[in-house]
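Here's the letter readout for the chains.
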Amino acid sequence: MTEQRQDPILIVGGGMAGALLALLLRHHGAGAVTLVEAHPLTLPDSPPLTPSFDARSTALSAGTLGVLDELGLGAAIREHAAAIDTVHVSRQSRLGLTRMQAVEEGVPQLGAVVENRWLGFVLLRALYADDAITVKAPEHLSGVRRLEAGYQVTLSGGDTLTTPLLIAADGARSRTREWLGISARDTDTGHDAIIANLSLAAPHQGVAYERFLNDGPLALLPLPDQRYALVWTGPREQVEQWLAMDDATLLTQLRERLPADAPPVTAIGERQRYPLVLTHACAQAVPHAVVVGNAAHTLHPVAGQGFNLTVRDLLALASTVGPSATPGKLSVLQQYARGREQDQALISQASRWVPELFRVQQPLFAHSRQLGLVALDILPGLRSGFARRAMGL
Ligand SMILES: Cc1cc2nc3c(=O)[nH]c(=O)nc-3n(C[C@H](O)[C@H](O)[C@H](O)COP(=O)(O)OP(=O)(O)OC[C@H]3O[C@@H](n4cnc5c(N)ncnc54)[C@H](O)[C@@H]3O)c2cc1C
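Residues numbered from 1 in each chain as written. Predicted model: local features only at pLDDT ≥ 70, side-chain atom pairs only at ≥ 80, totals over all residues. Heavy atoms only, no water.

Concerning the site of the ligand
For clarity, the threshold we go by: A molecule or strand has a residue near it when one of that residue's heavy atoms lies within 4 Å. Per-residue and other accessible areas were derived by the Shrake-Rupley procedure at a 1.4 Å probe size, with only the shown protein chains allowed to occlude residues. Secondary structure elements are taken from DSSP: a helix is a run of H or I of four residues or more, a strand is a run of E of two residues or more, and numbering for both begins at the N terminus. Under the scheme applied, nonpolar residues are Ala, Val, Leu, Ile, Met, Phe, Trp, Tyr, Cys and Pro; charged residues are Asp, Glu, Lys and Arg; polar residues are all the others, including Gly.
In the region of the ligand, 30 residues are neighbours, and Glu 37, Ser 52, Ala 59, Asn 294 and Phe 307 sit closest. Expressed as a share of its isolated accessible area of 1,000 Å², the protein-covered part of the ligand is 89%. Broken down by secondary-structure element, the contributors of at least two residues to the shell around the ligand are α1 (16-27), β3 (57-61) and α9 (306-321). Grouping the constituent residues of the shell around the ligand by class yields twelve nonpolar, 14 polar and four charged.

Put into structure tokens, the structure is as follows:
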């Protein structure tokens, strides 16, 4: 008797979520996987440049690093990553500072920061090393048809593929999610983020800073070679003004906002802007299809949780459908989606209300914010709970 071979699982979107998911599915026993990406993803001789693998850096939690270790990719990531040993959280012109430290949490490091292009390079190298993963790029879907046991999709290049499980990983504006008839709710915060790399006059000693300013939160994430990755958020008109400034003027504005004990900043690199529109898909699992990553939930980047939350989703999805003979079965997909509800709700809500809470100027709120930070610093148990959740443990 010949064994019935299953059509490949099809992932649309070869960004951080799609690329990692292809590897995790294979690691958890899936047969063939096809990955469709709109931008060129040539066999990487050098780091790629796509909307996902761009000039940003990502703070990877200890949990995410563990997942990359499991795939045998942790060492390559760490080659060009800086460890986070301490996180300082503070509020401009107020008392109350909290520190989360790796030693206190009993872990070797709280996380690590890697430039997205290096992360992309490591993921793509692993994708191309697996013969069971087919990368189709640049390509996008030009048609989707529901079959009894899956989907038939047509690609822009003319190929037709059938799949028992179609996975939408094509970002916040996901066309695949639309093809599947799944609506999404957008919340425009009216704020944008500027990202840039900063050169420092002294080593950062593995300290990351999260600072709540009247304009919005700002984060400094340690990078190799005595640099910080800056994520600076503010109202759109304010960001417009910052972007129009020359480097010297912008650095003066920035220095006024940084914590006094942060190492001095000597130069700022190229700046890029990201609108902070938070997206939430109204469903994540339908028969023979799942929505993941930014296509499922796009979070405020304040606490560096978006990708880390997605990694926990992807691990759960891969371990549920990877070994399954019927990966597109609704009950299997619903089991996955139900299992992820609580973590997703908690992290999405926290990354929504934390910046809001810190923005309110009334004295009562100002006082409770301060108390919150002081309490976090005094009560190690409370801080530890926060730290362990942020680390994805
Ligand atoms: C400024 C900033 C800083 C951040 N910092 C952190 C951090 O420190 N830690 C953290 O955990 N998270 C962070 N995040 C969140 C993180 O970037 C996202 O979680 C991550 O990008 C999600 O990846 P994704 O693959 O789902 O989506 P995307 O990165 O949006 O990738 C989507 C991919 O799909 C492709 N695509 C789009 N349309 C199509 C189509 N029709 N057909 C085929 N392919 C298509 C795109 O080209 C792209 O490659 C940050 C986000 C921002 C904006």
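What follows continues from the structure just given.
With respect to the pairing of strand β9 (residues 141-147)
Regular strands show a simple pattern: their side chains alternate between the two faces of the sheet. Inclusion rule: Should DSSP find at least two bridges between two strands, the strands are regarded as paired.
Relative to strand β10 (residues 150-155), β9 runs antiparallel, the two sharing six bridges. Each residue of the ladder has a partner; that of Leu 141, found in β10, is Leu 155. Linking β9 back to β10 in an antiparallel pair, the connection comprises two residues.

Thoughts on α1
To keep things clear, this is the line we draw: Any helix carries an expected span of 1.5 Å times its number of residues minus one. Between buried and exposed lies partly exposed: a residue is buried under 20% and exposed over 50% of the maximum accessible area for its type, with that area taken using a 1.4 Å probe on protein chains only.
Helix length check: α1 (twelve residues) gives 17 Å between terminal C-alpha atoms against 16 Å at 1.5 Å per residue, within 8%. Within α1, ten of the twelve residues are buried, leaving the element largely enclosed by the surrounding structure. Positive phi appears at Gly 29, one or two residues downstream of α1, with a value of about 100°.

Overview of helix α2 (residues 62-70)
Put simply, the test is: Any pair of residues with heavy atoms lying within 4.5 Å of one another is described as a contacting pair.
Those residues of α2 not exposed but buried are Ala 62, Gly 63, Thr 64, Leu 65, Val 67 and Leu 68. Its buried side turned inward, α2 meets α1, β3, α3 (74-79), β7 (111-115), α5 (116-128) and α9. Of the residues trailing α2, Gly 72 is marked for its positive phi of about 80°.

A word on the sheet that holds β9
Paired through backbone hydrogen bonds, the strands of a sheet run either parallel or antiparallel to each other. Heads up, the condition is: Between N-to-C directions, angles cover 0 to 180 degrees, with each direction set by a line fitted to C-alpha atoms, over the stretch in contact for helices.
As summarised here, the arrangement of the three strands in space is β9-β10-β11, forming an open sheet in which the pairing is antiparallel. Strand pairing shows two members of the sheet lacking a second neighbour, β9 and β11 (160-163), which therefore form its edges. Strand-to-strand twist in this sheet, taken as the mean axis angle between neighbours without regard to direction, amounts to 20°. Pairing of β10 with β11 involves four bridges; the strand directions are antiparallel. Opposite Val 153, over in β11, you have Leu 161 as the bridge partner.

Honestly, it's all geometry; don't read function into it.
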